[in-house]
Amino acid sequence: MTAPALPVDLFDLVIFGGTGDLAVRKLLPALFHRFVDGQIQPGSRIIGVAREGLDDDGYRAQIRSALNGAASKQGDQLDTFLKLVHYRPLDARKDAGWDDFAKLMGEYPDNVRVFYLSTSPDLFVDICQRLGGYGLNQGKSRVVLEKPIGKDLASANRINDDVGRVFAESQTYRIDHYLGKETVQNLLALRFGNALFEPLWNAGHIDHVQITVAETLGVERRGPYYDHAGALRDMVQNHMLQLLCMVAMEPPSSLSPDAVRDEKLKVLHALKPINETNASQLTVRGQYRAGVGEGQSVPGYIEDLNSSSKSKVEHSSTETFVALKAEIANWRWSGVPFYLRTGKRLAERVSEIVVAFKPVPHSIFTASAGPLAQNRLVLRLQPDEGVKLWLTIKHPGPGGLRLRHVPLDMSFAEAFGVQQPDAYERLLLDVVRGNPTLFMRRDEVEAAWRWADPILAAWAAGGESPRPYTSGTWGPSAAVALIERDGRTWDEDFEQ
Ligand SMILES: NC(=O)C1=CN([C@@H]2O[C@H](COP(=O)(O)OP(=O)(O)OC[C@H]3O[C@@H](n4cnc5c(N)ncnc54)[C@H](OP(=O)(O)O)[C@@H]3O)[C@@H](O)[C@H]2O)C=CC1
Ligand SMILES: O=C1O[C@H](COP(=O)(O)O)[C@@H](O)[C@H](O)[C@H]1O
């Protein structure tokens, strides 16, 4: 049984970049699901904005075909949902269209206003300045900034300063959709709702932590963006550091937004620097090459890039894979490595956090009982969200004492009998509710760049190309060596 979903206040949600990949593939389906669940009521509006010259009906037709899969079981709900959807064409950098847009916004002055900037970060400031010019930043107005915010600390500072001239920090929601994933929120429940884990949650008992976010997809339609970003900016600076913070932070005094964010910030500040002196030992960059997956040939990065971009390239030094060893310099985590890896076109789509505990201090078992294995707590973010705790037990039967390593396994879907909501479903409604707990505060984003920038600088100074890896594998062999040097292995028990 799930808790009933309560309706949120009436809102106008404007998606700048309403025809883009994120809006069509993630945001609109998320809103539709919340609508079907009864959380979005008539009187709320969803307004797509982009340069493409569409009217309401043209946009609705686009959204209808994008939602048809999601809507197949919901019959005429889709028609009712589409009545809430509107569209205004405008260019963020030009005057035309803004008056008409402001007039539309003026029709429902009491609605909560959410401006979701699902565009390139280059446009964030232009859009905010225009919104401010029309007074649309006043009252119950909020702005959502998609990641990545900038491409380094300096550009993030500029965006934050300029957006901050129009929207107060309390109105600014920097989204990191990984924080909306069920398992990530569950980490809070597991860590702070059980007496079991917290006493063990430190360097005295934890050997190391692994965080894997592996994708099977390539760069898809996003080649031009991705080639300027790369995996460190696209995934590590934001999603993976946020996951690391959720694992490593001290217990916050409450779930209030600032209590949680203060603790995450302390972790970011305590990350040991990776720079020119140690980047070659602590990081591995890779780039995928053509391979074969499920009997079919899979393109390499350059082919993917060229098929999603007008200009053709023969070479790129952008990384599509990163593995690194991070350390947190504080009492709780001293000496505990956090191994992070993420990449595109890897062997499997899987995101997991593995907390590996230290072995027992002394074994009372004979060699014939079999080896003792580490306890591991595995938090599965996707697919099949759940939690698994690996324990050592006796193999049943009279054949003497033989040890077995088995999981206590809880799949959320099996336990609760429901499809887990997409992260954006939770986060979009949190913005309407005015709850920024699962969003990044300015200082967090900047602290994350402060740590990431020297890695990027070290790679640039080193001048080395990323190591090639074949599509459909687990990345370059150097990533295996990175962890095996420390006598550990990547956890690849995904099938079980
Ligand atoms: N796609 C994804 O999976 C994810 C994306 N993000 C982030 O979300 C943001 C959007 O990404 P994505 O949807 O992939 O990008 P797309 O390139 O697919 O979409 C960009 C959107 O912005 C509009 N746009 C471009 N220029 C202007 C302009 N001058 N004025 C008004 N609208 C404009 C485009 O429409 P038109 O050209 O008609 O104006 C389009 O609707 C980016 O910051 C990205 O990093 C973050 C996480 C995941
Ligand atoms: O933010 C991003 O995330 C997606 C992966 O998100 P997921 O929820 O599907 O795991 C990634 O593909 C994209 O490159 C990145 O910008």
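Residues numbered from 1 in each chain as written. Chains lettered and ligands numbered in written order. Predicted model: local features only at pLDDT ≥ 70, side-chain atom pairs only at ≥ 80, totals over all residues.

## Regarding the site of ligand 2
Here comes step 1: What surrounds ligand 2 is the set His177, Glu215, Asp234 and Ser351.
Here comes step 2: A per-class count over the shell around ligand 2 returns no nonpolar, 2 polar and 2 charged. (Near = placed C-beta within 6 Å. Nonpolar A, V, L, I, M, F, W, Y, C, P; charged D, E, K, R; others polar.)

## Topic: the site of ligand 1
Here comes step 1: Near ligand 1, the surroundings consist of 22 residues, among which Gly17, Gly20, Leu22, Ala50 and Arg51 are the closest.
Here comes step 2: In terms of residue count, the dominant contributor to the shell around ligand 1 is helix α1 (residues 21-36) (3 residues).
Here comes step 3: Looking at the shell around ligand 1 residue by residue, the classes come out as 7 nonpolar, 7 polar and 8 charged. (Helix = DSSP H or I, 4+ residues; strand = E, 2+ residues; numbered from the N terminus.)

## A look at the domain arrangement of the chain
Here comes step 1: Along its sequence, the chain is organised into domain 1 (11-146) and domain 2 (179-422 + 442-484).
Here comes step 2: Each of domain 1 and domain 2 has a C-alpha centre, and the two are 33 Å apart.
Here comes step 3: Listed by partner, the interface residues are 5 residues for domain 1 and 5 residues for domain 2.
Here comes step 4: Its residues placed into classes, the side of domain 1 that touches domain 2 shows 1 nonpolar, 2 polar and 2 charged. (Domains from an automatic or database assignment. Contact = placed C-beta atoms within 7 Å.)

## Here's the deal with the confidence of the model for the chain
Here comes step 1: Here the chain averages 93 in pLDDT, and 97% of its residues register 70 or above.
Here comes step 2: Interface predicted TM-score (ipTM) for the complex: 0.98; the corresponding pTM is 0.94. (pLDDT = per-residue confidence, 0-100.)

## Section: the sheet that holds strand β16 (residues 403-411)
Here comes step 1: As summarised here, the arrangement of the 9 strands in space is β16-β15-β14-β13-β7-β12-β11-β8-β17, forming an open sheet in which the pairing is mixed. With one partner strand each, in any of the chains shown, β16 and β17 (467-470) form the two edges of the open sheet. Between one strand axis and the next, the sheet turns through 20° on average, direction left out of account.
Here comes step 2: By the bridge criterion, 4 bridges tie strand β8 (residues 283-289) to β17 in an arrangement that is parallel. Pairing of tyrosine 288 across the sheet is with tyrosine 469, part of β17. (Pairing = 2+ DSSP bridges. Axes fitted to C-alpha atoms, helices over the stretch in contact; angles between N-to-C directions.)

## Some remarks on the sheet that holds strand β1 (residues 11-16)
Here comes step 1: Across the sheet, which stays open at both edges, the 6 strands sit in the order β3-β2-β1-β4-β5-β6 with parallel pairing between neighbours. In this open sheet, the two edge strands, each paired with only one partner strand, are β3 (85-89) and β6 (172-174). Strand-to-strand twist in this sheet, taken as the mean axis angle between neighbours without regard to direction, amounts to 20°.
Here comes step 2: Of the pairings in the sheet, the one linking β1 to strand β2 (residues 45-50) comprises 5 bridges and is parallel in character. Paired with valine 14 across the bridge in β2 is isoleucine 47.
Here comes step 3: In the packing of helix α13 (residues 423-433) onto the sheet, the strands contacted are β1, β4 (112-117), β5 (141-145) and β6, and the crossing angle to β4 comes to about 135°.

## Let's talk about the nonpolar core
Here comes step 1: Among the nonpolar cores identified, the biggest contains 128 residues, and Val114, Tyr116, Val144 and Leu244 are the most heavily contacted of them.
Here comes step 2: Looking at which element gives the most residues to this core, the answer is helix α8 (residues 223-248), with 13 residues.
Here comes step 3: In terms of domain composition, this core takes at least three residues from each of domain 1 (11-146) and domain 2 (179-422 + 442-484).
Here comes step 4: Residue contacts for leucine 244: discarding those within four places in its chain leaves Ile211, Val267, Ala326 and Phe338. (Core = buried A, V, L, I, M, F, W, Y, C linked by C-beta atoms within 7 Å. Buried ≥ 20, exposed ≤ 12 C-beta atoms within 10 Å, placed from the backbone.)

## Some points on the pairing of strand β14 (residues 376-382)
Here comes step 1: Extensive coverage of β14 is indicated by the burial of 5 of its 7 residues.
Here comes step 2: Relative to β14, strand β13 (residues 350-357) is paired through 6 bridges, and the arrangement is antiparallel. Across the sheet, the residue bridging to isoleucine 353 is leucine 379, located in β14.
Here comes step 3: Strand direction decides the pairing type here: β14 and strand β15 (residues 386-394), joined by 5 bridges, are antiparallel. Note on β15: the bridge partner recorded for leucine 377 is leucine 389.
Here comes step 4: Linking two consecutive strands that pair antiparallel, namely β14 and β15, is a turn of 3 residues; a positive phi of about 50° is found at aspartate 384 within it.

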